[in-house]
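Report on the structure
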Amino acid sequence: MGEPESEAAETTRPGRGLAIASLAIGASGLTLAIATWAAWLIVRPGIVSAWVLSWLTQAFVLVLGALWFALLPISVLALVFGVCAGARTQPGFGRIGATLAVITALLALSGTAVFATTSWRHVGPPVAYFDTGTGAPR
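Here the structure is a predicted model, which means the values were calculated and not measured.

Before going further, it helps to spend a moment on the overall build of the protein. Summing up its helical and strand segments, the protein has four helices and zero strands in all. When the elements of the protein are put in sequence order from the N terminus, they spell out α-α-α-α. In the protein, the share of contacts with a sequence separation of at least 24, taken over all contacts with a separation of at least 6, comes to 82%. Within the structure as shown, the protein displays about 8,900 Å² of accessible surface, and the carbon and sulfur contribution to it stands at 71%.

Written out as structure tokens, the structure is:
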């Protein structure tokens, strides 16, 4: 009743800190998702044929898969912070952070799908291969 209008508007406005956190998490998650995709396109499991690099490549591919799975909760956190900061009602850092979080989630989901469905043949030492043919014993 006796409050000035600026103080009343200040108490109903969502937190600016959540909007900045959403923007920071969304931007860093998007950068990590793009970097993970770039690394995946450089070192694909199917193109490695040298036995010396096979274990190193396999470990690298597993780390990339783990990064895609780790990006999923990061994008959800940025999205929740953005929505709590008022991304649906007012433009600003919260809306930008929520948008980046959605893009990050799409990149991470597509990355996890590629990781889970990639053929793992010819990656690893010959001991790890399962030979179902009827050839000569080794």
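As for its position among the elements, Ser-75 is in helix H3 (residues 54–84). Judged by relative accessible area, which is 3%, Ser-75 ranks as buried. Of the polar contacts made by the side chain of Ser-75, one reaches the backbone oxygen of Leu-72; its length is 2.8 Å.

Turning our eyes to something else, we now look at the nonpolar core. With ten residues, the main nonpolar core is built from Ala-33, Trp-37, Ala-39, Trp-40, Val-61, Leu-64, Trp-68, Leu-71, Ala-108 and Phe-115. Within the residue set of this core, elements represented by two or more residues are helix H2 (16–42), H3 and helix H4 (93–117). Among all residues touching Ala-33, those that are not within four sequence positions of it are Trp-68, Leu-71, Thr-104 and Leu-107.

Right, let's talk about the environment of Leu-62 for a bit. Take Leu-62: it is sitting in helix H3. Placed 53 residues apart in sequence, Leu-62 and Phe-115 show a C-alpha to C-alpha distance of 8.7 Å.

On to the packing of aromatic side chains. Inspection of every chain in the model, using the stated rule, returns four aromatic pairs. Measuring from centroid to centroid gives 5.2 Å for Trp-40 and Trp-68, while their planes differ by 55°, and the two rings are tilted. Of this pair, Trp-40 sits in helix H2 while Trp-68 sits in helix H3; the two residues are 28 residues apart in sequence, bridging distant segments of the chain. Assigned by exposure class, Trp-40 and Trp-68 land together as buried. Ring centres of Phe-69 and Phe-115 lie 6.3 Å apart, and the angle between their planes is 85°; on these two criteria the pair is classed as edge-to-face.

Below, the discussion takes up H2. Taking 1.5 Å per residue as the helical rise, H2 with its 27 residues ought to reach 39 Å, and the 39 Å between its terminal C-alpha atoms agrees with that figure. Within the sequence span of H2, burial applies to Ala-19, Ser-22, Gly-26, Gly-29, Leu-30, Ala-33, Thr-36, Trp-37, Ala-39 and Trp-40.

We now examine the side chain of Thr-36. Structurally, Thr-36 can be placed in helix H2. Note on Thr-36: relative accessible area 2%, which makes it buried. Residues within four places of Thr-36 in sequence aside, it is in contact with Leu-64, Leu-67 and Trp-68.

Direction vectors running N to C along H2 and H4 enclose 30°, while the axes themselves pass 8 Å from each other. When the axis of H2 is compared with that of H4, the two are roughly parallel. Where H2 crosses over H4, the handedness of that crossing is left-handed.

Side chains of Leu-79, Val-83, Val-102 and Leu-106 sit close together on the surface and give an oily, nonpolar patch of about 310 Å² of accessible area. When residues of the nonpolar patch are traced back to their parent elements, those giving at least two are H3 and H4. Along the polypeptide, Leu-106 turns up in helix H4.

Analysis parameters
Each chain has its residues counted from 1, running along the sequence as written. Whole-chain, interface and lining totals are the exception, using all residues; otherwise, since this is a predicted model, local features are given only for residues with pLDDT of at least 70 and side-chain atom pairs are given and counted only at 80 or more. Hydrogens and waters are ignored; side-chain quantities use all the structure's heavy atoms. Counting from the N terminus, the helices are the DSSP runs of H or I reaching at least four residues and the strands are the DSSP runs of E reaching at least two. By definition in these notes, contact holds between two residues if any of their heavy atoms fall within 4.5 Å. Note on areas: these come from Shrake-Rupley sampling with a 1.4 Å probe, and a residue is covered only by the protein chains present in the view. Type-normalised accessible area, obtained with a 1.4 Å probe on protein chains alone, sets the label of each residue: buried when under 20%, exposed when over 50%, and partly exposed for intermediate values. Any N or O atom pair separated by 3.5 Å or less is treated as a polar contact, with the protein-specific requirement of one donor-capable and one acceptor-capable atom, and with residues adjacent in sequence counted only for side-chain atom pairs. In plain words, nonpolar cores are sets of buried Ala, Val, Leu, Ile, Met, Phe, Trp, Tyr and Cys residues tied together by side-chain atoms within 4.5 Å. Here is the rule: rings of Phe, Tyr and Trp (six-membered ring for Trp) pair when centre to centre is within 6.5 Å. Planes less than 30 degrees apart are stacked, more than 60 are edge-to-face, and the remainder are tilted. Helix span, as expected, comes to 1.5 Å for every residue beyond the first. Axis definition: a line fitted to C-alpha atoms, limited for helices to the stretch in contact. Angles are taken between N-to-C directions and run from 0 to 180 degrees. Each angle gets one of four labels, with under 35 degrees taken as roughly parallel, over 145 as roughly antiparallel, 65 to 115 as roughly perpendicular, and the rest as oblique. Two helices cross in a left-handed way if the nearer one is turned anticlockwise from the farther one by less than a right angle. They cross in a right-handed way if the turn is clockwise. Patches were defined on residues exceeding 30% relative accessible area and lacking a salt bridge, with like-charge contacts within 9 Å and nonpolar side-chain contacts (Val, Leu, Ile, Met, Phe, Trp, Tyr) within 5 Å. The salt bridge criterion pairs a side-chain nitrogen of Lys or Arg with a carboxyl oxygen of Asp or Glu, the two atoms within 4 Å.

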